Amino acid sequence: MKKIVVKFGGSSLANAEQFRKAAAIMKENTARRYVVPSAPGKRFPEDSKVTDLLYQCYASAEEGKDFEKELEEIKKRYQEIIEGLQLPLSIDQEFYEIKQQFENHAGRDYAASRGEYLNGILMAEYLGFPFIDAAQVIRFDSNGVFLPEETDRIFHERLKQEQYAVIPGFYGADEQGVVHTFSRGGSDITGSITAKAAQADLYENWTDVSGFLVADPRVIPDPQVISMITYKELRELSYMGAGVLHEDAIFPVRKAGIPINIRNTNAPKDKGTMIVANTCMPSPFTITGIAGRKGFASINIEKDMMNTEIGFGRKVLGVFQDHGISFEHVPSGIDTMTVFVKEEEFSGKELLVIEQLYQKTEADSIEVEKGLGLIAVVGRSMREQRGTAGRIFSALAHAHVNVKMIDQGSSELNIIIGVDNGEFETAVKALYDIFVTIQL
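This is a predicted model, so every value here is computed, not measured. Each residue is numbered by its place in its chain's sequence as written, counting from 1. At least 70 in pLDDT is required for a residue's local features to be given in this predicted model, at least 80 for side-chain atom pairs to be given and counted, and no such filter applies to totals for whole chains, interfaces and linings, which use all residues. Water and hydrogen atoms play no part in the side-chain values, which are based on all heavy atoms of the structure.

Participant: Describe the nonpolar core, with residues and values.
Facilitator: Grouping buried Ala, Val, Leu, Ile, Met, Phe, Trp, Tyr and Cys residues that are joined through side-chain atoms within 4.5 Å yields what is termed a nonpolar core. Only protein chains enter the accessibility calculation, which uses a 1.4 Å probe; a residue whose area is less than 20% of its type maximum is buried, one above 50% is exposed, and one in between is partly exposed. Judged by nonpolar contacts, the single largest core of 117 residues is most densely connected at F8, I74, F102, M123, L245, I275 and L431. A per-element tally of this core places helix α5 (residues 108–127) first, with nine residues. With 18 residues, the next largest nonpolar core counts V316, I325, M337 and L357 among its residues. By the criteria applied, helices consist of DSSP H or I runs no shorter than four residues and strands consist of E runs no shorter than two, each listed in order from the N terminus.

Structural data, given as structure tokens:
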């Protein structure tokens, strides 16, 4: 029997109506056997996510303040869903235990995990599926580091006992039962881990968009949907800010060769985006997608005969390492080397970094430029297309965008362009027009 693991995001389970949509999706295909729910998301734009409410509530508990009113507001969110679905279910005992744990300062991870835990109980009751507490099957060490091999062994054995099940996302526990969470958005990771442990044929990730978009809809009105994308392309786009799927959710299913399908809970007939290891299917456009982020700084180091000095690059990057600053890109020439870093990491350490760079490298000059944006143009089809970089330069020049940097990876999968923050949106629009709009 075919096995599909299904993960529903917070917006897909924000209220009773969304629960009904999720249940209808589950019932539409009996191969959908394991469900990973997130905590309830926003019901309307001004609303709060339950996870944020839990963090706030626990902060009050840590500070010794009365947090019962805040906890009661959270309980009302779940009670609203229970009543809307007419479930014969009481969550009084669960909230009594949560109150006790908050009073005993069980930790922020425990507090945040209760959003998914409670939604998992509701989902299991509504679907009539067994409930598996993620703390029993997803293993962390005592420092909060995820243990993939141990988790896969424990989880696989547990799933062999259940033909159908609900497993809440976002958290697990160490051997002592202390709860640990993944980073925000970590329910995507739980879904991927579940798919690997279940040896699933497909991992469906249901959210509030019909798949990955070629560009950010906040910049490009109604951009095209990417029908198929490889794991490598997805990694590049996710890293540069495309946020439909947690970037760490790729690894478990990638190793197991399990495809991911991004779908829209509110438009279930849309096919969404299929994420695969490799494909011979060409992209409908030269590129697969455009993504980017603002807020970078460049440190340009000039020194005559730099290219003949062995270990020069190590000295430069060693300075950034000493100050806990990670680098994004390092384009270089014969006598120049530029390091791109996040401004937020660089600010406050700028003078010390530059001073140490002069000391370690004896550079002729060092110039710093802030307020830069990096844009990634990603696509498996770029390898077969001549003149892609030329088209990028032409489009940006036509849009009067000054290119600060261009860097192409050896895989020819992506090209990174650096521009001023103020020209970021103009650059994205120009790139979308030359590679997508012109081909429609």
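Participant: So what's going on with the layout of surface pockets? Residues and values would help.
Facilitator: Of the two site types, the cavity is a set of points on a 1 Å grid over the protein atoms alone where a 1.4 Å probe fits but cannot get out, and the pocket is an open set with protein on both sides within 12 Å along at least five of seven lines, each lined by residues with an atom within 4 Å of a point. Grid points are joined across faces, edges and corners, and a volume is the space filled by probe spheres set on the points. Within this model, the second largest pocket holds a volume of roughly 350 Å³. Taken together, 14 residues make up the lining of the second largest pocket; nearest its centre are F146, P148, I193, F251 and P252.

Participant: I'd like a description of empty space enclosed by the protein, backed by residues and values.
Facilitator: Any space left empty among the atoms is revealed by the rolling of a water-sized probe across them. The final tally for this structure, using the stated rule, is one cavity of 30 Å³ or more. Considering only enclosed or pocket space, the largest cavity measures out at about 50 Å³ in volume. For the largest cavity, the full set of lining residues is V214, V225, I226, S227, M228, S283, P284, F285, I287, T288 and R380. For the lining of the largest cavity, a count of residues per class yields seven nonpolar, three polar and one charged. In this classification, Asp, Glu, Lys and Arg are treated as charged, Ala, Val, Leu, Ile, Met, Phe, Trp, Tyr, Cys and Pro as nonpolar, and every other residue, Gly included, as polar.

Participant: Quick one: what's the story with the sheet that holds strand β14 (residues 405–408), residue by residue and with numbers?
Facilitator: Strand order in the open sheet formed by six strands is β11-β12-β10-β13-β15-β14, and the pairing between neighbours is antiparallel. Each of the sheet's edge strands pairs with one partner strand only, and the pair in question is β11 (327–329) and β14. Strand-to-strand twist of the sheet, defined as the mean angle between neighbouring strand axes without regard to direction, takes the value 40°. Alignment of β14 against strand β15 (residues 414–420), held across four bridges, turns out to be antiparallel. Along β15, the bridge assignment pairs D407 with I416. Its contacts with the sheet put helix α11 (residues 312–322) on β10 (289–302), β11 and β12 (336–342), and the angle it makes with β12 is roughly 25°. DSSP calls a pair of strands paired once it identifies at least 2 bridges connecting them. Here an axis means a line fitted to C-alpha atoms, over the contact stretch when the element is a helix, while the angle between two N-to-C directions is reported on a 0 to 180 degree scale. Whether two residues touch is decided by their heavy atoms; if any such pair falls within 4.5 Å, the residues are in contact.

Participant: Break down the pattern of salt bridges for me, citing the residues and quoting the values.
Facilitator: Every case where a carboxyl oxygen of Asp or Glu lies within 4 Å of a side-chain nitrogen of Lys or Arg is listed as a salt bridge. One pass over the structure, following the stated rule, counts 28 salt bridges. Between K342 and E328 there is a salt bridge whose closest N-O contact spans 2.6 Å. Of the two residues, K342 sits in strand β12 while E328 sits in strand β11, which places them 14 residues apart along the sequence. We note that K342, like E328, is buried. Taken together, the shared-partner salt bridges connect E28, R32, E204 and R263 into one network.

Participant: How would you summarise the sheet that holds strand β1 (residues 4–8) if you had to cite specific residues and measurements?
Facilitator: Read across the open sheet, the seven strands follow the order β3-β2-β1-β6-β8-β9-β7; overall the sheet is mixed. With one partner strand each, in any of the chains shown, β3 (165–166) and β7 (228–230) form the two edges of the open sheet. Of the strands in this sheet, β7, β8 (260–264) and β9 (273–276) touch helix α9 (residues 231–239), which is tilted by about 85° from β7.

Participant: Kindly report on unusual backbone geometry, identifying the contributing residues and their values.
Facilitator: One non-glycine residue, M305, lies in the positive phi region at around 60°. On the secondary structure map, M305 appears in the loop between β10 and α11. According to the relative accessible area criterion, M305 is exposed, its value standing at 52%. Phi is positive for H400, close to 60°, though the residue is something other than glycine. Among the structural elements, H400 can be located in the loop between α14 (388–398) and β14. With a relative accessible area of 68%, H400 lands in the exposed category.

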